[in-house]
Amino acid sequence: MPSPEEVLHILRPRCHPIRLSLVVPMCNEEAAIPILRAAVTSFMRDLPVEPEVILVNDGSADATLVKVAEWAADDPRVKVIHLSRNFGHQIAATAGLDYATGDAIVLIDADLQDPLCVIHEMLECYRQGYDVVYGQREAREGEPAFKRISAWAFYRLMRTIVDRRLPVDAGDFRLISRECLDGLRQMREQHRFLRGMVTWVGYPQCAVKYRRNPRVTGSTKYPVHKMLSFAWTAATSFSILPLQIIIVLGMIAGLCGIEEAIRAVAALLAGRTVPGWTSLMVVTSILGSAVLISIGIVGQYVGKIYEESKGRPLYLVARTFNIASPAEPSPRDRAARAAGETRESQG
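What counts, and where the lines are drawn
Residues numbered from 1 in each chain as written. Predicted model: local features only at pLDDT ≥ 70, side-chain atom pairs only at ≥ 80, totals over all residues. Heavy atoms only, no water. Phe/Tyr/Trp six-rings, centres within 6.5 Å; stacked < 30°, edge-to-face > 60°. Helix = DSSP H or I, 4+ residues; strand = E, 2+ residues; numbered from the N terminus. Buried < 20%, exposed > 50% of the residue type's maximum accessible area, 1.4 Å probe, protein only. Lys NZ or Arg CZ within 6 Å of the ring centre and 35° of its normal. Polar contact = N/O pair within 3.5 Å; in protein donor to acceptor, adjacent residues only side chain to side chain. Patch = residues over 30% accessible without salt bridge, like charges linked within 9 Å, V, L, I, M, F, W, Y side chains within 5 Å. Areas by Shrake-Rupley, 256 points an atom, 1.4 Å probe, with all protein chains shown as cover. Salt bridge = Lys/Arg side-chain N within 4 Å of Asp/Glu carboxyl O. Core = buried A, V, L, I, M, F, W, Y, C linked by side-chain atoms within 4.5 Å. Contact = heavy atoms within 4.5 Å. Axes fitted to C-alpha atoms, helices over the stretch in contact; angles between N-to-C directions. Parallel < 35°, antiparallel > 145°, perpendicular 65-115°, else oblique. Left-handed = near helix turned anticlockwise from the far one by under 90°. Nonpolar A, V, L, I, M, F, W, Y, C, P; charged D, E, K, R; others polar. pLDDT = per-residue confidence, 0-100. Pairing = 2+ DSSP bridges.

> Explain the packing of aromatic side chains to me, please; I cannot follow it from the model alone.
What characterises a pair of aromatic rings is the spacing of the ring centres plus the angle enclosed by the ring planes. Using the criterion set out here, one finds 1 aromatic pair in the structure. Centroid distance phenylalanine 173 to tyrosine 210: 5.6 Å. Interplanar angle 85°. Geometry classified as edge-to-face. Of this pair, phenylalanine 173 sits in the loop between helix H5 (145-161) and strand E6 (174-177) while tyrosine 210 is found in strand E7 (residues 205-212), placing the two residues 37 residues apart along the sequence. Overall, phenylalanine 173 belongs to the buried group, its relative accessible area being 2%. Directly above the aromatic system of tyrosine 126 lies the positively charged group of arginine 14, at a separation of 4.2 Å from the ring centroid.

> Explain unusual backbone geometry to me, please; I cannot follow it from the model alone.
Note: most residues except glycine have negative phi, and most peptide bonds are trans. Unlike most non-glycine residues, asparagine 28 shows phi in positive territory, near 55°. A positive phi angle is found at tyrosine 203, which is not glycine, with a value near 70°. Take tyrosine 203: it is sitting in the loop between helix H7 (194-201) and E7.

> How should I be thinking about the side chain of serine 177 in this particular structure?
Its location among the elements puts serine 177 in strand E6. In this structure the side chain of serine 177 is engaged in a polar contact, spanning 2.6 Å, whose partner is the side chain of aspartate 131.

> Looking at this structure, I do not really get a nonpolar patch on the surface. What am I missing?
A cluster of nonpolar side chains, Val291, Leu292 and Ile295, forms an exposed patch at the surface whose accessible area comes to about 310 Å². Tracing the backbone through its elements, the reader meets leucine 292 in helix H10 (residues 277-309). Under the relative-accessibility criterion, leucine 292 is labelled exposed at 62%.

> It is not clear to me how helix H3 (residues 89-99) should be interpreted in this structure. Could you clarify?
Of all 11 residues making up H3, 10 are buried, and the element is well covered by its neighbours. Every buried residue of H3 is accounted for by Gln90, Ile91, Ala92, Ala93, Thr94, Ala95, Gly96, Leu97, Asp98 and Tyr99.

> Explain the nonpolar core to me, please; I cannot follow it from the model alone.
Here is a general trend for soluble globular proteins: nonpolar side chains tend to be buried in one another's company. Membership of the largest hydrophobic core comes to 38 residues, with the highest contact counts inside it found for Leu20, Leu55, Ile119 and Leu175. Top element by residues in this core is helix H4 (residues 118-128). It accounts for 6 residues. If we ignore the near neighbours within four places in the chain, the residues touching leucine 55 are Val24, Met26, Val68, Trp71, Val78, Lys79, Val80 and Ile81. In this structure, Ala100, Tyr134, Ile176 and Val198 belong to the second largest nonpolar core, which totals 30 residues.

> Which parts of the structure should I look at to understand the packing of helix H1 (residues 33-45) against helix H2 (residues 64-74)?
Helices that pack against each other are described as a pair by the angle of their axes relative to one another and the distance between those axes. At a closest axis distance of 10 Å, the pairing of H1 and H2 adopts a crossing angle of 25°. One way to sum up the angle between H1 and H2 is to call them roughly parallel. Considering only the axes of H1 and H2, their crossing is right-handed. Along the contact surface, H1 presents Ile33, Leu36, Arg37, Val40 and Thr41, while H2 presents Thr64, Lys67, Val68, Glu70, Trp71 and Asp74. Residue classes in the contact of H1 with H2 are distributed as 5 nonpolar, 2 polar and 4 charged.

> Where do I start with the pattern of salt bridges in this structure?
Any two side chains of opposite charge can pair, given that their charged atoms come close. A full pass over the atoms with the stated rule returns 10 salt bridges. A salt bridge links aspartate 74 to arginine 37, with the shortest nitrogen-to-oxygen separation between them at 2.9 Å. With aspartate 74 in helix H2 and arginine 37 in helix H1, the pair connects residues that are 37 residues apart, well separated along the chain. We classify aspartate 74 as exposed; its relative accessible area is 55%. By relative accessible area, which is 29% here, arginine 37 ends up partly exposed. Ionic pairing is found between glutamate 124 and arginine 127, a salt bridge with its closest N-O pair at 3.8 Å. Of this pair, glutamate 124 and arginine 127 are both found in helix H4, 3 residues apart, which corresponds to roughly one turn of the helix.

> What exactly am I supposed to notice about the environment of glycine 288 here?
Locating glycine 288 in the fold gives a position in helix H10. In this structure, the C-alpha to C-alpha distance between glycine 288 and alanine 253, residues 35 residues apart in sequence, is 9.4 Å.

> Would you explain the confidence of the model for the chain in this entry?
Interpretation of this model should avoid reading the predicted coordinates in detail wherever pLDDT is low. Looking at the chain as a whole, its pLDDT mean stands at 77, while 69% of the residues score no less than 70. No element of the chain has a lower mean pLDDT than helix H11 (residues 331-346), which averages 50, and none a higher one than strand E3 (residues 78-83), which averages 94. Of the regions scoring below 50 in pLDDT, residues 340-344 engages in 0 contacts with residues more than four places distant in sequence or in other chains.

> Just to check I follow, could you spell out the pairing of E6 for this structure?
Every regular strand shows the same layout, with side chains that alternate between the two sheet faces. Along E6, one buried face is formed by Arg174 and Ile176 and the opposite face, lined by Leu175 and Ser177, is buried too. Pairing of strand E4 (residues 104-107) with E6, which is carried by 4 bridges, proceeds in the antiparallel orientation. Following the sheet pairing, alanine 104 is matched in E6 by serine 177.

If you want it as structure tokens, here you go:
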């Protein structure tokens, strides 16, 4: 019997998409670009649909922009979005999705750990009527045991604290239909967790299992400290669980205080001298740490509210290649722009 979180969808079979967009966010991937170019060019020759490649340069400090600009000059199917600075992987991916014009869009990293051939299986699921087809990793080749264990724990932790519908062992590598993307583009929060956002949007979703390849060059952009930071961003952006933990923490601190009080009264009735200082310091320390942790967690949420209230655009584009017109702004971006123009006229 399906769980309450699962929704029954009636699939509507469809034809191949007229155009398939490949969105590739990248930062300091100079060494990987020649290998990526060869692999993508070969992949596009076998596609039964019109391809489009959108490369998003997320403020790279190396020659990434130069190499992708050369690629775009040689192939009009390749479009380049050069962001004004480094906005982070999730924002760069959002920029690529905003500029994508395909009926189906595939988000993939530049390191080629996610095999391009899996996209053919995703297209078959798309034709069956699925709007989201995510790649689910069966194995992670070429990664140390610590990385595999930490990644395994990360996905299960995310499922616990963010959304029980969130698929495990699935990164951002996925195919999204135009209908689903139109819904996703209405969500313009600054602190983005695309995997959770795609899950929240809903629509029929399924998995395609695959074995992840080693990186073609360089090292991972998500070491443990960044993975923990990403998990915290996801938790505070998608869940109130940390706030609920505060309540539990306060109850534990209260119980510890009650226990110390009972011990003190029992010692007094037994005629023993109550030291007092030790008990007082223990209870004070517990309550003080609980209060500080609680204020810190609440502060994280308040800080996010403050940043969202500014209404700033998610990213700024410094230059584009092979793109005739800018992406259509989202409703929130249009509202923020209108509010800014109103303030200027009043000033």
